[in-house]
Amino acid sequence: MSVFLSAEEGSALLRMARRAIHSRVSGSDAPCEPPSSPALNQHCGCFVTITRDGKLRGCIGNFCSNRPLYLE
């Protein structure tokens, strides 16, 4: 299954990912509100790569999921 995201949806997903990473690293709890976008609520996998100063710092992901994309 393919999910096509608009520029707005892609930006929203990036903000959510950054907030989740910051929350995990800082030990805080960052609840995520379900987005109204149908694309971000699709059940599908995703992959996140973290770089710093152009160097790979980590990556994680799943090819498929039974959770909405915004939670994955």
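Up top is the structure these notes are about.
What comes next concerns the included structure.

Cut-offs used in this document
Residues numbered from 1 in each chain as written. Predicted model: local features only at pLDDT ≥ 70, side-chain atom pairs only at ≥ 80, totals over all residues. Heavy atoms only, no water. 1 Å grid on protein atoms, 1.4 Å probe; cavity = no way out; pocket = protein on both sides within 12 Å on 5 of 7 lines; lining within 4 Å. Points joined across faces, edges and corners; volume = space filled by probe spheres on them. Helix = DSSP H or I, 4+ residues; strand = E, 2+ residues; numbered from the N terminus. Nonpolar A, V, L, I, M, F, W, Y, C, P; charged D, E, K, R; others polar. Salt bridge = Lys/Arg side-chain N within 4 Å of Asp/Glu carboxyl O. Buried < 20%, exposed > 50% of the residue type's maximum accessible area, 1.4 Å probe, protein only. Polar contact = N/O pair within 3.5 Å; in protein donor to acceptor, adjacent residues only side chain to side chain. Pairing = 2+ DSSP bridges. Contact = heavy atoms within 4.5 Å.

Observations regarding the layout of surface pockets
Gaps left between atoms are located by rolling a probe of water-molecule size over the structure's atoms. As a volume, the largest pocket reaches approximately 840 Å³. If you go around the largest pocket, you meet 28 residues; those closest to its centre are Ala17, Ala20, Ile21, Val48 and Glu72. When residues of the lining of the largest pocket are traced back to their parent elements, those giving at least two are α1 (7-26), β1 (46-52) and β2 (55-62). Split into classes, the residues belonging to the lining of the largest pocket amount to 19 nonpolar, 4 polar and 5 charged. Roughly 170 Å³ of volume is contained in the second largest pocket. Taken together, the residues of the lining of the second largest pocket break down into 2 nonpolar, 2 polar and 2 charged.

A closer look at the pattern of salt bridges
Enumeration over the complete set of coordinates arrives at 1 salt bridge. For Arg67, the salt bridge is made with Glu72, and the minimal N-O distance between the two is 3.3 Å.

Looking at the side chain of Ser37
Turning to its location among the elements, Ser37 is positioned in the loop between α1 and β1. Judged by its relative accessible area of 12%, Ser37 is buried. One polar contact links the side chain of Ser37 to the main-chain amide nitrogen of Ala39, over a distance of 3.3 Å.

Some thoughts on the pairing of β1
Strand direction decides the pairing type here: β1 and β2, joined by 7 bridges, are antiparallel. Among the inter-strand pairings, Val48 is bridged to a residue of β2, identified as Ile60.

Notes on the environment of Tyr70
Summarising the element assignment, Tyr70 is placed in the segment after β2. Separated by 36 residues in sequence, Tyr70 and Pro34 have C-alpha atoms that sit 7.5 Å apart. Excluding its chain neighbours within four sequence positions, the residues that come into contact with Tyr70 are Leu13, Met16, Cys32, Glu33, Pro34, Pro35, Leu40 and Asn41.

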